[in-house]
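Take a look at the letters that make up each chain.
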Amino acid sequence: MPRLSRRSFLAGSAAFAAARPALGQSSTGQATADVDVIIVGAGAAGIAAAHTLSAAGRSFTLVEATNRVGGRCVTETQSFGVPFDRGAHWIQNPDINPLTKLVARTGLDIYQAPSGQRVRIGQRRARESELEDYLAATVRANRAIVQAGHGRTDVDCLRALPKDLGDWRSTVEFVLGPYANARDLGEMSALDFSKSTDRAFGAFCRQGYGALLAKLADGIPVELQTPVTQVDTQTRGSRVDAVTPRGTLSCRYMIVTASTEVLASERVKFDKGLPKRHLDALAKLKLGSFDHIALELAGNPLGLQRDDVVLERSSGPRTAALLANVSGTPLSLVEVGGGFGRELSGQGEAAMVEFAVEWLAGLFGNDLKRAVQRTAATRWDAEPWALGAFASAAPGGQWARRAMMEPIRDRVYCAGEAVHETLWGTVGGAWESGARAAEAVVRRLAGLPEPQSSAAPPKPEPQAAAQQGRGAVPKPEPEPRRSRTRAKPRPERQRSRRRRH
Ligand SMILES: Cc1cc2nc3c(=O)[nH]c(=O)nc-3n(C[C@H](O)[C@H](O)[C@H](O)COP(=O)(O)OP(=O)(O)OC[C@H]3O[C@@H](n4cnc5c(N)ncnc54)[C@H](O)[C@@H]3O)c2cc1C
């Protein structure tokens, strides 16, 4: 394998260098091919790590396997002529989300997501009393899982559910499992669930969350289409080598932000393999399945408002959630996840679109079929450099997130959404994780002792409160606190909209 020279690497990134300041070039004039740090992956974690290293004046090279930045947070406009977030769309926890603090410098437009959800029962709206039943069932289910998470032995979330959720059981299982966490409740750790930070409030970026992240990558040189296929930690003493099809790069420390599924698949091989503790951790942090089926609906045939979320009282796992009229455009997203979502995505885009249209017709009538224009569906399980949506811990596997923070052979730090104990499965969590890994590396480079935070103690949690939701799922606070009710579903005409800007 040829070693990549400074000249060849700079030539490869000439387009970026011309357009952007050479952030990756060190102030000491080191070659980008032989730098303090190599960052593997230009998703949220990788971009955050680059910001941190740049601020600390450290040299780095950011390599990305695909031909774009953003990873699982990407916006495209080609399919519909309006922003389509193929991955992350909800800016979770805008008050504490590290990206919202940076919005001002992007010039993009952020607004508060409407709270609440609409619920359909067949082709009619749920009545107020039915919505109250649904809310109560969701709150009780949340409370039961959180309490199980505080028990001595971790259990799966399904086992923790109350037995008497009645007609709403299936909906509650969907909302707390596939919709919020990309996994069926039976595959999820109650402890992991209970540790997740309140995600009841969200915001949207009118130009797309992926567009926001891409803006934050402006000025950072990224070596696109440069997959790292092997990491050598033992061949050259205190240096680490990254083998890519374009040559071998060398650094003192490496930050790897590939998804847990990519790491487990050995698309990135480590000399002598990964340590057993990391292998065991990866086995506990498998990615769930979550996809958007995007439909362009002419003339608002559903009669819904901007960014309305619609659920149904379902009778089994073949269900979905709707995010209608995304940011006021004709684009609506039917969202599927968990075991059913994985099975459906395995059948291909045409089957996904067919399901979405039939599902919507079941709720709003067959007439809407005439309004369907362009369509698209994501299939994250099949994306070779993601292999899934995001990682919730398997029962008994919550420890794995912290284990993944431990450096590999003292030189390689893992970062990304799965490596965050409370904000896992979010862009904000991935960002924080990348920034923390970079902070740990900066300290090491300065000869300072390993900070505790490289094994990153989580920041104090605001509350172990609401379950995350792509749209606000109420979650009770542990006793004796009172439950929050701000996110409760409301009858259609009683909705209020609070906007941030
Ligand atoms: C459909 C969907 C909906 C979602 N909805 C939300 C939401 O509403 N709100 C929210 O906050 N989060 C959401 N998420 C989760 C969020 O997108 C992720 O948590 C976050 O984007 C992960 O960032 P990351 O940096 O950890 O990983 P990634 O984004 O996966 O970045 C890793 C990067 O590394 C690259 N890479 C991998 N292997 C290599 C290699 N060997 N060499 C070089 N490069 C490599 C990949 O190509 C990728 O670009 C959603 C995810 C999906 C899939």
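Conventions and cut-offs
- Residues numbered from 1 in each chain as written.
- Predicted model: local features only at pLDDT ≥ 70, side-chain atom pairs only at ≥ 80, totals over all residues.
- Helix = DSSP H or I, 4+ residues; strand = E, 2+ residues; numbered from the N terminus.
- Buried ≥ 20, exposed ≤ 12 C-beta atoms within 10 Å, placed from the backbone.
- Contact = placed C-beta atoms within 7 Å.
- Near = placed C-beta within 6 Å.
- Nonpolar A, V, L, I, M, F, W, Y, C, P; charged D, E, K, R; others polar.
- Domains from an automatic or database assignment.
- pLDDT = per-residue confidence, 0-100.
- Pairing = 2+ DSSP bridges.
- Axes fitted to C-alpha atoms, helices over the stretch in contact; angles between N-to-C directions.
- Parallel < 35°, antiparallel > 145°, perpendicular 65-115°, else oblique.
- Left-handed = near helix turned anticlockwise from the far one by under 90°.
- Expected span 1.5 Å × (residues − 1).
- Bend = angle between axes of the 7 residues up to and from the residue.

1. Some words on the overall build of the protein
When its secondary structure is counted, the protein shows 14 helices and 20 strands. Going through the 501 residues of the protein one by one, you find that 54% of them count as buried. A sequence separation of at least 24 residues applies to 73% of the contacts in the protein between residues at least 6 apart.

2. Things to note about the site of the ligand
In the vicinity of the ligand there are 44 residues, among which Gly41, Gly43, Gly71, Gly416 and Glu417 approach most closely. Broken down by secondary-structure element, the contributors of at least two residues to the shell around the ligand are α3 (44-55), β15 (290-297) and α14 (427-445). Residue classes in the shell around the ligand are distributed as 22 nonpolar, 16 polar and six charged. Each of two domains, domain 1 (6-70 + 211-286 + 389-455) and domain 2 (118-203 + 289-385 + 462-494), supplies a minimum of three residues to the shell around the ligand.

3. Concerning the confidence of the model for the protein
On average, residues of the protein score 86 in pLDDT, and 83% of them reach the 70 mark or higher. Segment residues 1-32: pLDDT under 50, and 53 contacts once partners within four positions in sequence are set aside and those in other chains are kept. The low-confidence segment residues 453-469 (pLDDT under 50) makes 52 contacts with residues lying over four places distant or belonging to another chain.

4. Things to note about the sheet that holds strand β8 (residues 124-125)
The strands that make up a sheet pair up through hydrogen bonds in the backbone, lying either parallel or antiparallel. Taken in spatial order, the seven strands of this open sheet run β8-β7-β16-β17-β18-β15-β19, and their pairing is mixed. At either margin of the open sheet sits one strand with a lone partner, and together these are β8 and β19 (372-377). Inspection of the sheet shows strand β16 (residues 309-312) paired to strand β17 (residues 321-323) by two bridges, in the antiparallel sense. For Val310, the partnering residue across the bridge sits in β17 and is Leu322. Contacting β15 and β18 (331-337), helix α11 (residues 338-346) runs over the sheet at an angle of about 110 degrees to β18.

5. Focus: the pairing of β16
Side chains Val309 and Leu311 of β16 all project onto a buried face; the interleaved residues Val310 and Glu312 project onto the opposite face, where all are buried too. Sheet topology note: the strand β7 (residues 118-121)/β16 ladder contains three bridges and is parallel. Paired with Arg118 across the strands is Val310, a residue of β16.

6. Re the packing of helix α4 (residues 128-149) against helix α6 (residues 169-181)
Interaxial distance between α4 and α6 falls to 10 Å at its minimum, and their mutual angle equals 55 degrees. Taken as axis vectors, α4 and α6 run oblique relative to one another. Once α4 is placed against α6, the crossing between them reads as right-handed. Of α6, the residues touching α4 (which contributes Tyr134, Ala137, Thr138, Ala141 and Asn142) are Thr171, Val172, Val175 and Leu176.

7. Description of α6
In this model α6 runs 17 Å from its N-terminal to its C-terminal C-alpha over 13 residues, within 8% of the 18 Å that 1.5 Å per residue would give. Residue Val175 marks the point of greatest curvature in α6, where the axis turns by about 35 degrees; the proline Pro178 follows within four residues. With eleven of its 13 residues buried, α6 lies for the most part within the structure. Every buried residue belonging to α6 is among Thr171, Val172, Glu173, Phe174, Val175, Leu176, Gly177, Pro178, Tyr179, Ala180 and Asn181, and all of these are buried.

8. Some details on the environment of Val155
Structurally, Val155 can be placed in the loop between α4 and α5 (157-160). The exposure class of Val155 is partly exposed, given the 17 C-beta atoms found within 10 Å.

9. Comments concerning unusual backbone geometry
As a rule of thumb, non-glycine residues mostly have phi less than zero, and peptide bonds are mostly trans rather than cis. With a phi angle near 65 degrees, Ala182 is a residue other than glycine that sits in the positive phi range. Examined against the element boundaries, Ala182 turns out to sit in the loop between α6 and α7 (190-195). Residue classification places Ala182 among the buried residues on the basis of 25 C-beta atoms within 10 Å. If you check the backbone angles, Asn325 has positive phi at about 45 degrees while not being a glycine. One can find Asn325 in the loop between β17 and β18.

10. Side note on α3
For α3, with twelve residues, the first-to-last C-alpha span of 17 Å sits near the 16 Å given by 1.5 Å per residue. Within α3, ten of the twelve residues are buried, which leaves it mostly tucked inside the rest of the structure. Where α3 is concerned, the buried positions are Ala44, Ala45, Gly46, Ile47, Ala48, Ala49, Ala50, His51, Thr52 and Leu53. Those residues of α3 that are buried are in contact with β1 (34-40), β2 (60-63), α8 (209-216), β13 (247-256) and α14.

11. As for the environment of Pro221
Along the polypeptide, Pro221 turns up in the loop between α8 and β10 (222-223). For Pro221, a count of 23 C-beta atoms within 10 Å corresponds to the buried category. Linking Pro221 and Ala50, residues 171 residues apart in sequence, is a C-alpha distance of 9.4 Å.

12. Quick word on the sheet that holds strand β9 (residues 202-205)
Taken together, the three strands give an open sheet; going across it, the order is β5-β9-β6, and neighbouring strands pair in antiparallel fashion. Two strands bound the open sheet, and with one partner strand each, they are β5 (91-92) and β6 (110-112). Where β5 lies against β9, two bridges are found, and the strand directions are antiparallel. Looking at β9, one finds that Gln92 is bridged to Gly202.

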